[in-house]
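Structure assessment
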Amino acid sequence: GSPCVVNSSGQIFQWMGKEWQIMPGRASDIGIGSDGSVWIIGANKVKGGYGIYRWENRMWKRVSGGAVAISVNPSGVVHPVPASIDPTRPSDNEPGAQSDDNR
């Protein structure tokens, strides 16, 4: 298929054979299955992190749940990583972690 990327500004791009084309929306992470399914973690805060979306009919369709990262296995099954288990975020018990009051 066509690779997709998200830049540091949250813009989503898809390679269309000769050039990168911008896709609608903003994202922090993207995952693509070998079945061609494309999933993103959006910019809207929800329980568990940020909204999860699937590309369908030339638009992002919101699915239930929230996450901070996403991966898609070869069969197209999505594996969102909710904020509660994100290994890149410090827990409240780790040295150097800040409370919400200090952020």
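Because the structure is predicted, anything quoted here is derived from the model rather than measured.

Things to note about the pairing of strand E9 (residues 78-81)
Taken together, the four bridges between strand E8 (residues 69-72) and E9 define a ladder with antiparallel strand orientation. Bridge assignment links Ala69 to a residue of E9, and that residue is Val81. In this structure, the hairpin formed by E8 and E9 is closed by a connection of five residues, where Gly76 is found at a positive phi of approximately 90 degrees.

Observations regarding the nonpolar core
Generally speaking, a soluble globular protein has its nonpolar side chains buried in company with each other. Within the largest apolar cluster, nine residues are counted, these being Cys4, Ile12, Met23, Ala27, Ile30, Val38, Ile40, Tyr53 and Trp60. Other than its neighbours up to four places away in sequence, Ile30 contacts Cys4, Val5, Val6, Ile12, Val38, Trp39, Ile40 and Ile70. Counting six residues, the second largest nonpolar core, distinct from the first, contains Trp39, Ile41, Ala67 and Val72.

Looking at the confidence of the model for the protein chain
Model confidence for the protein chain is summarised by a mean pLDDT of 84, while 81% of its residues fall at 70 or above. Within the protein chain, no element has a lower average pLDDT than E9, which sits at 88, and none a higher one than strand E3 (residues 20-23), at 97. In this model, residues 91-103 is a region of pLDDT below 50 whose contacts with residues beyond four sequence positions or in other chains number seven contacts.

Cut-offs applied
Residues numbered from 1 in each chain as written. Predicted model: local features only at pLDDT ≥ 70, side-chain atom pairs only at ≥ 80, totals over all residues. Heavy atoms only, no water. Pairing = 2+ DSSP bridges. Helix = DSSP H or I, 4+ residues; strand = E, 2+ residues; numbered from the N terminus. Core = buried A, V, L, I, M, F, W, Y, C linked by side-chain atoms within 4.5 Å. Buried < 20%, exposed > 50% of the residue type's maximum accessible area, 1.4 Å probe, protein only. Contact = heavy atoms within 4.5 Å. pLDDT = per-residue confidence, 0-100.

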